[in-house]
Amino acid sequence: MIATNIPAIPENAPFTPDQRAWLNGFLAGLFSSAPQQATAAQTRSLHFGVYFATQSGTAERLAKKMAKELRAKGHTAEVLSLEKTTVAKLAAEENAVFFTSTYGEGDPPDDAKSFRDALFSESTPVLTSLRYAMFALGDRHYEHFCKFGIDIDERLQQLGATPILPRIESDVEVDEPFSQWTKELAARLAKAPTDASAGPIAAVVAPTRVEPEHDHGRDNPFHAELRERVPLTSDVSSKLTMHLSFGLEDSPVHYSAGDACGVIAQNDPALVAEILSLMPFSASAQVSVPKLGSFTIEEALLHHLQPTRLTRKMVEAFAEKAMCKKLSALLPPDQASHLEAYLYDRDLVDLLLDCPGVITSPEDLVALLPKLAPRLYSISSSPAAHGREVHCTVAVVRYRAHNRERAGVASAMLADRVSVGSRLPIYIQPNKRFRLPADGDAPMIMIGPGTGIAPFRSFLHERQALGHKGRNWLFFGERSAESDFLYRRELQSMCDDGHLTRLDTAFSRDQAHKVYVQDRMREHGAEMWRWLNDGAQVFVCGDASRMAKDVDAALHSVVEKHGGMDAENAREYVSQLHEDRRYHRDVY
Ligand SMILES: Cc1cc2nc3c(=O)[nH]c(=O)nc-3n(C[C@H](O)[C@H](O)[C@H](O)COP(=O)(O)OP(=O)(O)OC[C@H]3O[C@@H](n4cnc5c(N)ncnc54)[C@H](O)[C@@H]3O)c2cc1C
Ligand SMILES: NC(=O)c1ccc[n+]([C@@H]2O[C@H](COP(=O)([O-])OP(=O)(O)OC[C@H]3O[C@@H](n4cnc5c(N)ncnc54)[C@H](OP(=O)(O)O)[C@@H]3O)[C@@H](O)[C@H]2O)c1
Ligand SMILES: Cc1cc2nc3c(=O)[nH]c(=O)nc-3n(C[C@H](O)[C@H](O)[C@H](O)COP(=O)(O)O)c2cc1C
């Protein structure tokens, strides 16, 4: 092993990368505590590109830590976002380490989409000089666990790159797998730095970490008291959105404005009873749920399995086992939109009714159903203003489809099945890329229709409590001003005292045609452009499926029209906003 206490030439020392690499190698040789017979290879300094793709900051944090560790071992390392990386740059690289998380249906984080497209295009150069290591971040509760990292890893090998060690697929608790994997990487580099890849390399799946008592992550949540639950929409509204407050006084849990609160949900006992009534076995039949333990099937359905969100895998299994033509017809690639529509508003009961007889044992259910994932809610309180409380703004999912009333697991549980005064398992999910500007004088433009208002209520209170003087502009949209103007009084009072410099609202259903926040952005485009020129940071929160895309298009058109740019230059301008950390999105 290379000694770990070898001095390294600082990044800002007046040397070229080659000179620094040579000097680091020299120092490594000089200070190495390894025996005399250590080979030259053991002390050779290498240059690494340490690449990351992140949405909420974890992959970036690990990339920076990795670079530090590599430098401490006498190598040089440059930390780079995949957002700014071209495949040509990779082709020129000899050693790289990747940290990539996964979102959506196994998609990359927003910033890495162009890189993914470029890497998978037909004109990609070969990468035969590249040796690399892949740390994939994900969450075992999702169907496409670590998929983006896996895709990149497989594509790099297809293009001729050589893995230095097996890819790691890490669950959300990344620190323990990271430190083990880093040691393994160091050992590989020390052993055979120029030919580390003898034989085929298989992926390693990190064991789930047992957290220390005080961590209160998702595997060890804090049972917080539900202090308050008040409707933010009125009785005549077509929807229910609620304000919730949890008490943190008796816990070590801390959060920052911009973070989300994770809620460990339970399925509706009535739905579980309905499912069990369609099964040929009893509710008390024992079943083992991988990594979680042994339960009755009723307990497993209540706490650990997710019967309300269907996946392609489930439809495939039912289609095959029941030889069901209706379901098989949804599976060819050209039927993707029909499959999506089928999955959107159905649940396990629909599948059981459409194709009876497929499930014959409790084990079948465990094999088929995804694990029940915690639900995240952007925190709407501010640590500075609200002390030891966490507030959430929750829209309750209820709808009728295919002759049954349906409800979202967590939002309906929070509305109907827990009482004020009871305790609920929650944890904080940090969102390091969605933070108030460090400069309290920087102007902020916040676009948050619906529950997208949540983090902006937090930001506004936090800035007020901290005495930040920067201008604040909020775009808010909902169905109707009369019944759905969330936090109306608070916002109006912030307008009155000048803390909220501008509040522009779009009530979509108060007139014959729809009006959305992006229409207001276009209407006030000239003023928005002035704010951007004054250094404003732009924040977007809320629905990802349509709103965030439409708001992004509106931002491009404001820049184009009022900045006097063509479409290409406007794209570059917005991409520069991203790079400068002045355009942030928290969308779901
Ligand atoms: C980072 C982050 C922050 C979030 N912040 C917030 C927040 O501040 N406030 C908030 O309310 N939510 C927020 N969410 C969403 C939240 O986590 C849940 O996804 C949401 O509450 C629904 O969960 P559920 O368990 O109630 O519903 P689920 O049981 O998960 O059911 C939702 C599913 O029901 C179906 N469905 C939903 N509506 C309809 C409909 N009208 N017709 C047909 N089918 C439908 C869809 O298939 C949908 O996937 C956030 C999500 C993320 C990832
Ligand atoms: N079905 C339900 O009962 C239900 C309830 C709550 C939440 N949800 C889901 O939960 C998520 C969050 O919901 P939410 O309560 O925060 O609010 P939301 O459903 O996102 O709606 C907030 C406002 O945004 C408008 N809107 C719709 N499409 C838009 C677009 N393309 N661009 C800009 N604004 C748009 C809505 O108008 P219009 O609705 O008038 O078009 C409404 O005025 C959404 O994904 C939603 O699908 C569903
Ligand atoms: C909305 C959402 C969707 C996600 N989808 C997936 C997924 O499909 N597969 C997966 O393995 N992890 C998924 N994750 C988990 C993240 O990849 C994981 O939390 C990761 O550690 C985040 O890293 P980051 O902070 O660098 O973005 C999802 C997380 C969120 C909030």
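Structure first, text after, so check above.
Note that the coordinates shown come from a computational prediction; the quantities given were computed from them, not determined experimentally. (Residues numbered from 1 in each chain as written. Chains lettered and ligands numbered in written order. Predicted model: local features only at pLDDT ≥ 70, side-chain atom pairs only at ≥ 80, totals over all residues. Heavy atoms only, no water.)

Here we look at the sheet that holds strand β10 (residues 260-263)
Here we have 6 strands laid out as an open sheet, ordered β13-β10-β17-β8-β9-β14, and antiparallel in their pairing. Each edge of the open sheet is held by one strand with a lone partner, namely β13 (375-378) and β14 (389-395). On average, each strand axis in the sheet is tilted by 40° relative to the strand beside it, whichever way the strands run. (Pairing = 2+ DSSP bridges. Helix = DSSP H or I, 4+ residues; strand = E, 2+ residues; numbered from the N terminus. Axes fitted to C-alpha atoms, helices over the stretch in contact; angles between N-to-C directions.)

Notes on the nonpolar core
In terms of nonpolar packing, the biggest core is built from 39 residues, with I297, L301, F318, L327 and L365 touching the most fellow members. Listing elements by their share of this core, those giving two or more residues are α8 (269-277), β11 (286-289), α9 (297-303), α10 (312-322), α12 (336-344), α13 (348-354) and α14 (362-368). Here the element with the most residues in this core is α10; it accounts for 5 residues. Residues in contact with L327, not counting those within four places in the same chain, are V315, F318, A319, Y342, L351 and C355. One finds M242, V253, V394 and A415 within the second-largest nonpolar core, a separate group that totals 28 residues. (Core = buried A, V, L, I, M, F, W, Y, C linked by side-chain atoms within 4.5 Å. Buried < 20%, exposed > 50% of the residue type's maximum accessible area, 1.4 Å probe, protein only. Contact = heavy atoms within 4.5 Å.)

Remarks on unusual backbone geometry
The backbone of H402 shows a phi angle near 50°, a positive value even though the residue is not glycine. Along the chain, H402 falls in the loop between β15 (398-401) and β16 (404-407). For R581, which is not glycine, the phi dihedral falls at a positive 55°. Take R581: it is sitting in the loop between α23 (567-579) and β22 (583-587).

A word on the site of ligand 1
Near ligand 1 there are 21 residues, and of these R309, Y344, R375, L376 and S411 occur at the shortest range. Residue T308 places a side-chain N or O atom 3.4 Å away from an oxygen atom belonging to ligand 1. For ligand 1, the accessible surface in isolation is 980 Å², of which the surrounding protein chains cover 77%. Those elements that provide at least two residues to the shell around ligand 1 are β13, β14 and α16 (409-417). With 4 residues, the single largest contributor to the shell around ligand 1 is β13. Of the residues belonging to the shell around ligand 1, the class tally is 11 nonpolar, 6 polar and 4 charged. (Near = heavy atom within 4 Å. Polar contact = N/O pair within 3.5 Å; in protein donor to acceptor, adjacent residues only side chain to side chain. Areas by Shrake-Rupley, 256 points an atom, 1.4 Å probe, with all protein chains shown as cover. Nonpolar A, V, L, I, M, F, W, Y, C, P; charged D, E, K, R; others polar.)

Examining the site of ligand 2
Taken together, 19 residues form the shell around ligand 2, and within it T451, S508, R509, K514 and Y516 come nearest. With respect to ligand 2, the side chain of K239 contributes an N or O atom lying 2.8 Å from an oxygen atom. Contact between ligand 2 and Q518: a nitrogen atom at 3.0 Å from a side-chain N or O atom of the residue. For ligand 2, whose unbound accessible area comes to 860 Å², protein coverage reaches 82%. Elements with a contribution of two residues or more to the shell around ligand 2: β19 (472-478) and α22 (547-562). In terms of residue class, the shell around ligand 2 is made up of 5 nonpolar, 5 polar and 9 charged.

So, the packing of helix α3 (residues 58-72) against helix α7 (residues 175-191)
It is the contact of α3 with α7, at a shortest axis distance of 11 Å, that shows an interaxial angle of 35°. When you trace α3 past α7, the crossing you get is right-handed. Facing α3, whose interface residues are R61, L62, K65, M66, E69 and L70, α7 presents D175, F178, W181, T182, L185 and L189. (Left-handed = near helix turned anticlockwise from the far one by under 90°.)

What about empty space enclosed by the protein?
Across all of its chains, the model carries 2 cavities of 30 Å³ or more by this definition. Volume-wise, the largest cavity comes out at about 180 Å³. In terms of lining residues, the largest cavity is bounded by T54, Q55, D110, D111, R433, F434, H578, R581, Y583, H584 and R585. Classifying every residue of the lining of the largest cavity by side-chain character gives 2 nonpolar, 4 polar and 5 charged. (1 Å grid on protein atoms, 1.4 Å probe; cavity = no way out; pocket = protein on both sides within 12 Å on 5 of 7 lines; lining within 4 Å. Points joined across faces, edges and corners; volume = space filled by probe spheres on them.)

Let's talk about the side chain of D259
On the secondary structure map, D259 appears in the loop between β9 (241-247) and β10. When its relative accessible area of 3% is taken as the criterion, D259 is described as buried. At 2.8 Å, the side chain of D259 and the backbone nitrogen of N431 are in polar contact.

Some details on the pattern of salt bridges
For the coordinates displayed, the defined rule picks out 35 salt bridges. One salt bridge in this structure joins E184 and R188, with 3.4 Å as the shortest N-O distance. Pair noted here: E184 and R188 are both in helix α7, with a separation of 4 residues, about one helical turn. Accessibility expressed as a relative area gives 23% for R188, which makes it partly exposed. (Salt bridge = Lys/Arg side-chain N within 4 Å of Asp/Glu carboxyl O.)

Comments concerning the sheet that holds β22
Pairing is parallel in the open sheet, where 5 strands are placed in the order β20-β19-β18-β21-β22. Where the open sheet ends on each side, the last strands, each with one partner, are β20 (502-507) and β22. For this sheet, the mean inter-axis angle between neighbouring strands, taken without regard to orientation, is 10°. Bridging between strand β18 (residues 444-447) and β19 involves 4 bridges; their strand directions are parallel. Residue M444 lies in a different strand from β19, and its bridge partner there is N472. Across the sheet, helix α17 (residues 454-466) touches β18, β19, β21 (537-542) and β22, and the angle it forms with β18 is around 155°.

Remarks on the pairing of strand β17 (residues 423-429)
Counted residue by residue, β17 has 5 buried out of 7 residues, so it is predominantly covered. Strand direction decides the pairing type here: strand β8 (residues 222-231) and β17, joined by 4 bridges, are antiparallel. Within β17, the residue paired with H223 across the bridge is P425. Two strands pair when backbone bridges link them, and β10 and β17 are joined in this way by 4 bridges, in the antiparallel orientation. Looking at the pairing, V263 lines up with I426 of β17.

Brief notes about α12
Taken together, the buried positions of α12 are L339, Y342 and L343. Along the long axis of α12, the arc covered by the buried residues comes to 95°, so they all point the same way. Away from its buried face, by an angle of more than 90 degrees, α12 presents the exposed residues S337, E340 and Y344. Against the buried residues of α12 lie α10, α11 (325-328) and α13. (Arc of directions from axis to C-beta.)

Section: the packing of aromatic side chains
Here a ring pair, both rings aromatic, is described through the centre-centre distance and the interplanar angle of the planes. Counting across every chain of the model gives 18 aromatic pairs. Aromatic side chains F98 and Y132 sit 6.1 Å apart centroid to centroid with 75° between the ring planes, which places their arrangement in the edge-to-face category. Of this pair, F98 sits in strand β3 (residues 95-100) while Y132 is found in strand β4 (residues 131-137), placing the two residues 34 residues apart along the sequence. For the residue pair F98 and Y132, the accessibility class agrees, reading buried in each case. Taking the centre distance of 6.1 Å and the plane angle of 55° together, the rings of F456 and F459 count as tilted. A residue pair is termed a helical-turn pair when its members lie 3 or 4 positions apart in one helix, as F456 and F459 do in helix α17 at 3 residues. Since its relative accessible area comes to 0%, F459 is described here as buried. Through a chain of ring-to-ring contacts, the aromatic side chains of F99, F135, F178 and W181 assemble into a single cluster. (Phe/Tyr/Trp six-rings, centres within 6.5 Å; stacked < 30°, edge-to-face > 60°.)

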